[in-house]
Amino acid sequence: MLDLGKSNSSAHRRYVVRTLAFMSGYVAINVAAIFGAFDDIGSPVAAWLLALAVSAPVVGQIWATLALMNESDEFVRALTAKQFILAAGAAMAIASVWGFGESYAGAYHIPAWIIYPLFWACFGVIAPFVRSSR
Amino acid sequence: MKNRLKLLRVERGWTQEQLGQALGVSRQAVNALETEKHDPSLDLAYRIAVLFARPVEDIFDNPHA
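Residues numbered from 1 in each chain as written. Chains lettered and ligands numbered in written order. Predicted model: local features only at pLDDT ≥ 70, side-chain atom pairs only at ≥ 80, totals over all residues.

### Details of the UniProt feature "domain: HTH cro/C1-type" (unreviewed entry) in chain B
For clarity, the cut-off: UniProt positions are given in the numbering used here, feature names are shortened, and annotations may be inferred rather than shown by experiment. Secondary structure follows DSSP: runs of H or I at least 4 residues long count as helices, runs of E at least 2 residues long count as strands, and numbering of each begins at the N terminus.
Mapped onto the present numbering, the UniProt feature "domain: HTH cro/C1-type" (unreviewed entry) falls at residues 5-59 of chain B. What you have in residues 5-59 of chain B is 69% helix and 0% strand, and the ends, taken at the C-alpha atoms, are 6 Å apart.

Right, dumping it as structure tokens:
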């Protein structure tokens, strides 16, 4: 997630609250799954509902990040957007290389949801080097 | 973009936080302007000009002049 160590704007506070709320739901559903709460799901509809329930907090957290950009001043918006775009590009590039590795080189399969933590890992690596909006 | 924002701010004894509040932007934005890491929008440049009661080009050098 974003490094908010030196910021105390209301937009950033809302971002932290929203992210914590969404991630709490994400953790709760996954912990329940780990402890077998959904082991008896039989129908495809119920399985898809579970998949949607797990992914909904991820979608929510992405929205929280976009909302932060929308609600921030022009510098924070431009800087965060620049970091977001670079991280998204890096994550897509890595995912594409691995995906074609699966198709042509026998690389083992990685589930598509890994793009989300991969994006934030890329963001964490890239953000310290992108400190200018220009 | 080269500017005299820090000089004008210090002349008035304001902190970056105080200037940010007066302009409706974050302290980070003021710092980025002063360290030339952000070129202000026309709207923000005019707000700064009004706050310091000076023409925009007295505060920000025109890079195309």
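### Thoughts on the domain arrangement of chain A
Residues and elements named next belong to chain A. This is how it is decided: For the domain bounds, the source is a domain assignment made automatically or taken from a database. We call two residues in contact when their backbone-placed C-beta atoms lie within 7 Å. Each residue is assigned to one class: nonpolar for Ala, Val, Leu, Ile, Met, Phe, Trp, Tyr, Cys and Pro, charged for Asp, Glu, Lys and Arg, and polar for all the others, Gly among them.
Domain assignment breaks chain A into domain 1 (1-72) and domain 2 (74-134). Measuring from the centre of the C-alpha atoms in domain 1 to the corresponding centre in domain 2 gives 19 Å. Listed by partner, the interface residues are seven residues for domain 1 and eight residues for domain 2. A class-by-class count of the residues in the side of domain 1 that touches domain 2 yields four nonpolar, two polar and one charged.

### Observations concerning the confidence of the model for chain A
Just so we agree on the cut-off: As a per-residue measure, pLDDT reflects the predictor's confidence and takes values from 0 up to 100.
Per-residue confidence for chain A gives a mean pLDDT of 93; residues scoring 70 or more make up 94%. The least confident element of chain A is helix α1 (residues 10-34) of chain A, whose mean pLDDT is 94; the most confident is helix α4 (residues 115-126) of chain A, at 98.

### Comments concerning α1(A)
Applied cut-off: In this analysis, the expected span of each helix is defined as 1.5 Å times one less than the number of residues it contains.
Between the first and last C-alpha of α1(A) there are 36 Å, a value that for 25 residues agrees with the 36 Å anticipated at 1.5 Å per step. Following α1(A) by one or two positions, G36(A) has its phi on the positive side, about 85°.

### Considerations on the packing of helix α2 (residues 44-71) of chain A against helix α3 (residues 74-105) of chain A
Residues and elements named next belong to chain A. The condition that has to hold: A fitted line through C-alpha atoms represents every axis, and for helices the fit uses only the stretch in contact; the resulting angles, taken between N-to-C directions, go from 0 to 180 degrees. Crossing handedness is defined as follows: a turn of the near helix away from the far one that is anticlockwise and smaller than a right angle gives a left-handed crossing, while the clockwise case is right-handed.
With their axes 8 Å apart at the nearest point, α2 and α3 run at an angle of 145° to one another. Note on packing geometry: the crossing formed by α2 with α3 is left-handed. Where α2 abuts α3, its residues T65, L68 and M69 lie against R77, T80, A81 and F84.

### A few points about the environment of F22(A)
Residues and elements named next belong to chain A. Within the fold, F22 resides in helix α1. Distance from F22 to G60, taken between C-alpha atoms, is 6.2 Å for residues 38 residues apart in sequence. Contact partners of F22, with chain neighbours within four places excluded, come to P57, G60, Q61 and A64.

### Focus on the UniProt feature "transmembrane region" (unreviewed entry) in chain A
Residues and elements named next belong to chain A. Annotation from UniProt places "transmembrane region" (unreviewed entry) at residues 20-39, 45-69, 81-101 and 113-130. In residues 20-39, the share of helix is 75% and the share of strand is 0%. The end C-alpha atoms are 27 Å apart. Annotated as 67% helix and 0% strand, the span residues 113-130 places its first and last C-alpha atoms 26 Å apart.

### Some thoughts on the interface of chain A and chain B
Contacts between the two partners involve ten residues from chain A, matched on the other side by ten residues from chain B. Of the residues assigned to the side of chain A that touches chain B, the class counts are two nonpolar, four polar and four charged.

### What to know about the nonpolar core
What counts here: By definition, a nonpolar core groups buried Ala, Val, Leu, Ile, Met, Phe, Trp, Tyr and Cys residues that are joined through C-beta atoms within 7 Å. For every residue, the other C-beta atoms within 10 Å of its own C-beta are counted; 20 or more classify it as buried, 12 or fewer as exposed, and values in between as partly exposed. C-beta atoms are placed from the backbone.
F75(A), A29(B), V30(B) and L33(B) are the most contacted members of the largest nonpolar core, which has 13 residues in total. Of all elements in the fold, only α3 of chain A together with α3 (27-34) of chain B reach the threshold of two or more residues within this core. F75(A) has contacts with S133(A), V25(B), Q28(B), A29(B), A32(B) and H38(B), leaving out every residue within four places of it along the chain. Formed by six residues, the second largest nonpolar core is a distinct cluster that contains F84(A), F119(A), C122(A) and F123(A).

### Here we look at unusual backbone geometry
With glycine set apart, most residues show a phi of negative sign, and most peptide bonds adopt trans. Residue and element names in this part refer to chain B. Of note in this structure, E36 is not a glycine but carries a positive phi near 60°. By secondary structure assignment, the location of E36 is in the loop between α3 and α4 (42-52). Owing to 13 C-beta atoms within 10 Å, E36 belongs among the partly exposed residues under this scheme. Positive phi, close to 55°, is recorded for A53, a residue that is not glycine. With respect to the element layout, A53 can be found in the loop between α4 and α5 (56-59).

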